[in-house]
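One letter stands for each residue in the lines below.
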Amino acid sequence: MALNGGSPLLGVYRQPDFRIVAGEGCELTDEEGRRYLDFTAGIAVNALGYASPVIRRAVEEALDTGVIHTSNLFRTPTGEALARRLVEASGLDRAFFCNSGAEATEGALKFARRWAGTLGKPEKRGFLAVQGAFHGRLFGSLALTDRPAYQEPFLPLMPGATHVDPWDDAALDRALDPDRVAAFVVEPIQGEGGIHPFPTERLRHFRALTAERGIALVLDEIQCGLGRTGELFAHTPSGVRPDLLILAKPIGGGFPMGVVLLSEEMAATLRPGDHGTTFGGGPLVTRVALAVFETLADPAFLTGVRERGRVLEDGLRSLHSRFPERIREVRGRGLMWGVEFTDAVGPVVEAARERGLLLVGAGANVIRFVPPLIITPDEIRRGVEILGEAIAATAAVGAAS
Ligand SMILES: *Cc1c(COP(=O)(O)O)cnc(C)c1O
């Protein structure tokens, strides 16, 4: 059978048979009227779930102005209001808007190189990322993504990118060469790499090392940021102030958007013409993003994420106790969790889908849980129960064969 049932779309995704036509809250509905509890949230994008009144209102307000797009030739009040809120909340000084996570990574790399170019060290152009990192799939961001299978068909990528074991202090010391490295790029919680949170102490260590050596620290919070962990940013509890912070997935409420936040020191080296985008930060997406941000940044909302995160954690830990020979580890924060299995998770994901629960993997052996942040405790318990059934069912299949 042809991939994806003869769909004319480029075959770079493996898609299940059903087609989604509607959604509300944490549920999606397919053409046949089947409903699915969605623990993927469009890969950590749909923080406010489906049919969100917050997003609807913002879209309507934007449409009422008649101006969806202006290009960056002109200023807009919503773009500046959003930038102001983001710099205030992050403790950084300037915002650059683009259209995706990979674009935000690419922007941060250019900005870091621009800054490094002013330091009088001609070789200081390299970038360091950590093992297991995911920063996007364009030529620069892909070079920082530690997945040989994603890279190899497309070599050569951007030169100057290397990876280091983030736990090996001697290797870090060697790799963070102040004469050659412009920026060190880290996800405070690795997403695609399998949900690996860095403890606060490690983030502080990265900050101390990079600060001491005059290397820009870029935190990639494209997946873990903006309320996902029950904190506004995953790095918030560490008190670390990065030089650049990149955001994307949930910020646009489902509309494509990426953000680079910069310190004044970085920003001061950039001039008109140094970077740009036609669509980035238009009036529709920034109005929606402002409404999304105000919702996510509300301390009461974040408290709710932490509380419901504990319900999810408890559920996943009880599955770990129930299936100790299938599940190796449960890890995460807030509403961002990974369950590492002893073998490939494809069959469990499929069995869960057949039972009405949508899940997404993060690498071959990890199921990732990134539901809408508005998910209720009952929905969490229902999802965990379905997952338990799916694990039991696939265990039975494995034993029979
Ligand atoms: C998804 C993701 C990206 C890439 O974002 P796209 O919008 O898919 O380009 C980069 N970094 C992290 C941590 C991500 O999760």
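Thresholds, definitions, all that
- Residues numbered from 1 in each chain as written.
- Predicted model: local features only at pLDDT ≥ 70, side-chain atom pairs only at ≥ 80, totals over all residues.
- Heavy atoms only, no water.
- Helix = DSSP H or I, 4+ residues; strand = E, 2+ residues; numbered from the N terminus.
- Rg over C-alpha atoms; globule rule 2.2 N^0.38 Å.
- Buried < 20%, exposed > 50% of the residue type's maximum accessible area, 1.4 Å probe, protein only.
- Contact = heavy atoms within 4.5 Å.
- Areas by Shrake-Rupley, 256 points an atom, 1.4 Å probe, with all protein chains shown as cover.
- Lys, Arg positive; Asp, Glu negative; His and termini not counted.
- Charge placed at Lys NZ, Arg CZ, Asp CG, Glu CD.
- Near = heavy atom within 4 Å.
- Polar contact = N/O pair within 3.5 Å; in protein donor to acceptor, adjacent residues only side chain to side chain.
- Nonpolar A, V, L, I, M, F, W, Y, C, P; charged D, E, K, R; others polar.
- Patch = residues over 30% accessible without salt bridge, like charges linked within 9 Å, V, L, I, M, F, W, Y side chains within 5 Å.
- Salt bridge = Lys/Arg side-chain N within 4 Å of Asp/Glu carboxyl O.
- Pairing = 2+ DSSP bridges.
- Phe/Tyr/Trp six-rings, centres within 6.5 Å; stacked < 30°, edge-to-face > 60°.
- Axes fitted to C-alpha atoms, helices over the stretch in contact; angles between N-to-C directions.
- Left-handed = near helix turned anticlockwise from the far one by under 90°.
- Expected span 1.5 Å × (residues − 1).
- 1 Å grid on protein atoms, 1.4 Å probe; cavity = no way out; pocket = protein on both sides within 12 Å on 5 of 7 lines; lining within 4 Å.
- Points joined across faces, edges and corners; volume = space filled by probe spheres on them.

(A) View of the overall build of the chain. Scanning the chain for helices and strands turns up 13 helices and 17 strands. For 401 residues, the compact-globule estimate of 2.2 N^0.38 gives 21 Å, and the chain sits close to it at 21 Å. Out of the 401 residues in the chain, the part that is buried amounts to 52%. The contacts of the chain with a sequence gap of at least 6 include a subset with a gap of at least 24, amounting to 72%. Split by element, the accessible area of the chain, about 18000 Å² in all, is 54% carbon and sulfur. Of the charged side chains in the chain, 43 are positive and 50 negative, and the gap between their average positions amounts to 2 Å.

(B) Summary view of the site of the ligand. Neighbouring the ligand are Ser100, Gly101, Ala102, Phe134, His135, Gly136, Glu187, Asp220, Ile222, Gln223 and Lys249. One nitrogen or oxygen atom from the main chain of Phe134 is found 3.3 Å from a nitrogen atom belonging to the ligand. Take Gln223: an N or O atom from its side chain is 2.7 Å from an oxygen atom of the ligand. In terms of residue class, the shell around the ligand is built from 3 nonpolar, 5 polar and 3 charged.

(C) Up close: the environment of Leu245. With respect to the helices, strands and loops of the structure, Leu245 is situated in strand E11 (residues 244-247). Sequence-wise, Leu245 and Ser263 are 18 residues apart; in three dimensions their C-alpha atoms are separated by 9.1 Å. Aside from chain neighbours lying at most four places away, what touches Leu245 is Ser90, Leu92, Leu219, Glu221, Phe233, His235, Val259, Val260 and Leu261.

(D) Molecular detail of a nonpolar patch on the surface. On the surface, a nonpolar cluster with roughly 380 Å² of combined accessible area is contributed by Leu10, Val12 and Tyr13. Taking the relative accessible area as the measure of exposure, Val12 reaches 57% and is therefore exposed.

(E) How the structure looks around the pairing of strand E17 (residues 366-369). Residues Val366 and Arg368 of E17 are buried on one face, and the alternating residues Ile367 and Phe369, pointing to the opposite face, are buried as well. In the sheet, strand E14 (residues 336-341) pairs with E17 via 4 bridges, with the strands oriented antiparallel. Residue pairing for E17: Val339 is matched across the bridge by Ile367. As defined by bridge partners, strand E16 (residues 360-361) adjoins E17 across 2 bridges and the pair is classed as antiparallel. Counted as the bridge partner of Gly361 is Ile367 from E17.

(F) A look at the packing of aromatic side chains. Enumeration according to the criterion identifies 7 aromatic pairs in this entry. Taking 6.3 Å as the distance between ring centres and 80° as the angle between the ring planes, the aromatic pair formed by Phe39 and Phe369 counts as edge-to-face. One end of the pair, Phe39, is in the loop between strand E3 (35-38) and helix H1 (41-44); the other, Phe369, is in strand E17, and 330 residues separate them in sequence. With respect to burial, Phe39 and Phe369 carry one shared label: buried. Ring centres 5.2 Å apart and planes at 90° place the aromatic pair Phe184 and Phe206 in the edge-to-face group. With Phe184 in strand E7 (residues 181-186) and Phe206 in helix H8 (residues 200-213), this residue pair connects regions lying 22 residues apart in the sequence. For the residue pair Phe184 and Phe206, the accessibility class agrees, reading buried in each case.

(G) Structural detail: the sheet that holds E16. Within the open sheet, the 4 strands sit side by side as E13-E14-E17-E16. Their pairing is antiparallel. Looking along the sheet, the strands with just one partner apiece sit at the ends: strand E13 (327-333) and E16. Along the sheet face, helix H11 (residues 299-322) touches E13, E14 and E17 and points at about 170° away from the line of E13.

(H) Here's a closer look at the packing of helix H3 (residues 77-90) against helix H10 (residues 283-296). Contact geometry for H3 and H10: axes closest at 8 Å, N-to-C directions at 35°. At the point where H3 passes H10, the crossing takes the left-handed sense. Contacts from Thr78, Gly79, Ala81, Leu82, Arg85, Leu86 and Ala89 in H3 reach Pro283, Thr286, Arg287, Ala289, Leu290, Phe293 and Glu294 in H10. Residue composition of the contact of H3 with H10, by class: 8 nonpolar, 3 polar and 3 charged.

(I) How the structure looks around the sheet that holds E3. With mixed pairing, the 4 strands of this open sheet are ordered in space as E1-E2-E3-E15. In this open sheet, the two strands that pair with only one neighbour each are strand E1 (20-24) and strand E15 (357-358). Sheet topology places E3 next to E15; 2 bridges connect them, and they run parallel. From the neighbouring strand, Leu37 faces E15, where its bridge partner is Leu357.

(J) Main features of H11. With 24 residues, H11 extends 35 Å between its outermost C-alpha atoms, agreeing within 8% with the 34 Å of an ideal straight helix rising 1.5 Å per residue. Near the N-terminus of H11, the side chain that reaches the backbone nitrogen of Ala300, with its oxygen 2.9 Å away, is that of Asp298.

(K) Quick peek at the pairing of strand E10 (residues 216-220). Across the 5 residues of E10, 5 count as buried, placing the element largely inside the fold. What you see with E10 is no split at all: Ala216, Val218 and Asp220 on one side and Leu217 and Leu219 on the other are buried throughout. Sheet topology places E7 next to E10; 4 bridges connect them, and they run parallel. Across the sheet, Val186 pairs through a bridge with Leu219, a residue of E10. Here E10 pairs with E11 via 3 bridges, running parallel. Paired with Asp220 across the two strands is Ile246, which belongs to E11.

(L) Just the layout of surface pockets, in detail. In this model, the second largest pocket occupies a volume close to 950 Å³. For the second largest pocket, the lining is made up of 34 residues, of which Asn72, Arg94, Ala95, Phe96 and Phe97 are closest to its centre. When residues of the lining of the second largest pocket are traced back to their parent elements, those giving at least two are H3, strand E4 (94-98) and helix H9 (264-267). Class assignment for the residues of the lining of the second largest pocket results in 12 nonpolar, 14 polar and 8 charged.

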